[in-house]
Amino acid sequence: MAISIKNEQDIEKMRIAGKLASEVLDFITPYVKPGVTTGALDKLCHDYMVNIQKTIPAPLNYAPHGHVPYPKSICTSVNHQICHGVPGEKILKNGDIVNLDITVIKDGYHGDTSRMFYLGEPSIQARRLCEVTYECMWLGISIVKPGSTLGDIGYVIQTHAEKNGFSVVQEFCGHGIGKKFHEDPQVLHYGKSGTGLKLQTGMIFTIEPMINAGKRFIKQLGDGWTVVTKDHSLSAQFEHTVLVTPTGYEVLTLSEGSPQSPSLIMA
Ligand code: MF3
Ligand code: CO
Ligand code: CO
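This section reports on the structure supplied with the text. What you see is a predicted model, and the numbers here were worked out from it, not measured in a lab.

Each value, and the rule that gives it
- Residues numbered from 1 in each chain as written.
- Chains lettered and ligands numbered in written order.
- Predicted model: local features only at pLDDT ≥ 70, side-chain atom pairs only at ≥ 80, totals over all residues.
- Heavy atoms only, no water.
- Donors = N, O, S within 2.8 Å, 3.2 Å for Na, K, Ca; no water.
- Tetrahedral: all angles 85-135°; square planar, octahedral: opposite > 155°, others 65-115°.
- Helix = DSSP H or I, 4+ residues; strand = E, 2+ residues; numbered from the N terminus.
- Buried < 20%, exposed > 50% of the residue type's maximum accessible area, 1.4 Å probe, protein only.
- Axes fitted to C-alpha atoms, helices over the stretch in contact; angles between N-to-C directions.
- Parallel < 35°, antiparallel > 145°, perpendicular 65-115°, else oblique.
- Left-handed = near helix turned anticlockwise from the far one by under 90°.
- Contact = heavy atoms within 4.5 Å.
- 1 Å grid on protein atoms, 1.4 Å probe; cavity = no way out; pocket = protein on both sides within 12 Å on 5 of 7 lines; lining within 4 Å.
- Points joined across faces, edges and corners; volume = space filled by probe spheres on them.
- Nonpolar A, V, L, I, M, F, W, Y, C, P; charged D, E, K, R; others polar.
- Pairing = 2+ DSSP bridges.
- Expected span 1.5 Å × (residues − 1).

On to the coordination of the cobalt ion (ligand 2), then. Six octahedral donors at a metal ideally form angles of 90 or 180 degrees, and four tetrahedral donors ideally form angles of 109.5 degrees. Every protein donor of the cobalt ion (ligand 2) is accounted for by Asp112 (OD), His175 (NE2), Glu208 (OE) and Glu239 (OE), and the metal-donor separations fall at 2.0 to 2.2 Å. Around the cobalt ion (ligand 2) sit six donor atoms; with metal-centred angles ranging over 51 to 162 degrees, the donor geometry is irregular. A spacing of 3.3 Å is found between the cobalt ion (ligand 2) and the cobalt ion (ligand 3), which share Asp112 as a donor. Pair noted here: His175 is in strand 7 (residues 174–176) and Glu208 is in the loop between strand 9 (204–207) and strand 10 (210–212), with a separation of 33 residues, a long-range link. Each member of the pair, His175 together with Glu208, is buried.

Glancing now at the packing of helix 3 (residues 124–142) against helix 4 (residues 150–163). Each packed pair of helices is defined by two parameters, the angle between the axes and the distance between the axes. Two elements in contact, helix 3 and helix 4, have axes separated by 8 Å at closest approach and are oriented at 155 degrees. The pairing of helix 3 with helix 4 is recorded here as roughly antiparallel in orientation. Both helix 3 and helix 4 take part in a crossing whose hand is right-handed. On the side of helix 3, the interface is formed by Val132, Glu135, Cys136, Leu139 and Gly140, while helix 4 contributes Ile153, Val156, Ile157, His160 and Ala161.

The subject of this paragraph is the coordination of the cobalt ion (ligand 3). Around the cobalt ion (ligand 3), the protein contributes the donor atoms Asp101 (OD), Asp101 (OD), Asp112 (OD) and Glu239 (OE), which lie 2.0 to 2.4 Å from the metal centre. Around the cobalt ion (ligand 3) sit six donor atoms; with metal-centred angles ranging over 58 to 165 degrees, the donor geometry is irregular. Between consecutive donors of the cobalt ion (ligand 3), the numbers of intervening residues give the motif D-x10-D-x126-E.

Here the focus is empty space enclosed by the protein. Applying the stated criterion to the full structure yields one cavity of 30 Å³ or more. Reported here for the largest cavity is a volume of approximately 60 Å³. Lining the largest cavity are 13 residues; nearest its centre among them are Thr113, Ser114, Arg115, His240 and Pro259. For the lining of the largest cavity, the secondary-structure elements that each account for two or more residues are helix 1 (8–28), strand 5 (109–118) and helix 3. Among the elements that take part in the lining of the largest cavity, strand 5 stands out by supplying three residues, more than any other. Grouping the amino acids of the lining of the largest cavity by side-chain chemistry returns five nonpolar, six polar and two charged.

Another point: the pairing of strand 15 (residues 248–251). When a strand is regular, its side chains alternate between the sheet's two faces. One ladder, built from four bridges, connects strand 14 (residues 240–245) with strand 15; its direction is antiparallel. Within the sheet, the bridge partner assigned to Leu243 lies in strand 15 and is Glu250. Hairpin connection between strand 14 and strand 15: a loop of two residues separates the two successive antiparallel strands.

Between its first and last C-alpha, helix 1 extends 31 Å over 21 residues, near the 30 Å set by a 1.5 Å rise per residue. When we look at burial in helix 1, the residues that qualify are Asp10, Ile11, Met14, Ala17, Gly18, Leu20, Ala21, Ser22, Val24, Leu25 and Ile28. Against the buried residues of helix 1 lie helix 2 (38–53), strand 4 (97–106), strand 5, strand 9 and strand 14.

With that settled, the discussion passes to the sheet that holds strand 12 (residues 227–229). Spatial strand order, 3-12-11: three strands in an open sheet with antiparallel pairing. Taken across any chain shown, the strands that pair with only one partner, and hence form the sheet edges, are strand 3 (81–83) and strand 11 (218–220). Across the sheet, the mean angle from the axis of one strand to that of its neighbour is 40 degrees, orientation sign disregarded. In terms of strand pairing, strand 3 meets strand 12 through two bridges, oriented antiparallel. By the bridge assignment for strand 12, Gln81 is matched with Val228.

Here strand 7 pairs with strand 8 (residues 183–187) via three bridges, running antiparallel. Residue pairing across strands places Gly176 opposite Glu183, the latter belonging to strand 8.

Looking now at unusual backbone geometry. Geometrically, the link from Asp184 to Pro185 is a cis peptide bond, its omega value of 0 degrees lying close to zero. Summarising the element assignment, Pro185 is placed in strand 8. Backbone geometry places Asn61, a non-glycine residue, at a positive phi of 70 degrees. Position of Asn61 among the secondary structure elements: in the loop between strand 1 (56–57) and strand 2 (75–78). Even without glycine at this site, Asn79 takes up a positive phi of about 55 degrees. Looking at where Asn79 falls in the secondary structure, it is placed in the loop between strand 2 and strand 3. Judged by relative accessible area, Asn79 falls into the buried class, the value being 18%.

Laid out in structure tokens, this is it:
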């Protein structure tokens, strides 16, 4: 239950793993075009990680308690899929939105990040959902500093999502990360300011809000992994891995191709 505080050597390795995870998203971006299958995106990313980066795709055969081993190297969550979409024969088409979630292991350390992609022209609602979700993630990141609480992060994310008429998924959350893929603490994307764990310098965790255009409720598919919205409304997610520094935060999962932080963030 104790939350690990990373030392300078750990942090240096987490910077490397984080950047590599983000670089997989940069690599795959030009391939995310109508007509491609999610399985083809998985294969391209797998080969890039294993052969070019010499990283290990953390999802492949990942089997947390109560789950069958995850069969692929990345997660591809399309439209009403919230998270953990399993790549396969599905062909992406004009107007779809897809989350690609990448976790690499380098030198024993994990980097975990995801972005939304538009296939051709998204609907106005789909675009707005993705933009608000990106703002939600960055609003959460922007208040990270020693003395802030996990409840502060959840509060700003939930407030922004709901102000825009969207809802926050409650069954999945951000997480501590390091030598393990998922460590304590759980980073909820909803909550009350001033409650919960106080952040300390050297903590590393992800912030990865899942925001639905409709109601917050989820349904688990029979493959044991894919999670969809119960009402089949669209869902979006972005994820970064973040270090608490003495003066605030450092985002560890940035690279050349990372989208700019949104204009509502002063960073
Ligand atoms: N990358 C996901 C996260 O952000 C976890 C995926 S687990 C998998 O925590 F097994 F589905 F890959
Ligand atoms: Co994560
Ligand atoms: Co992830």
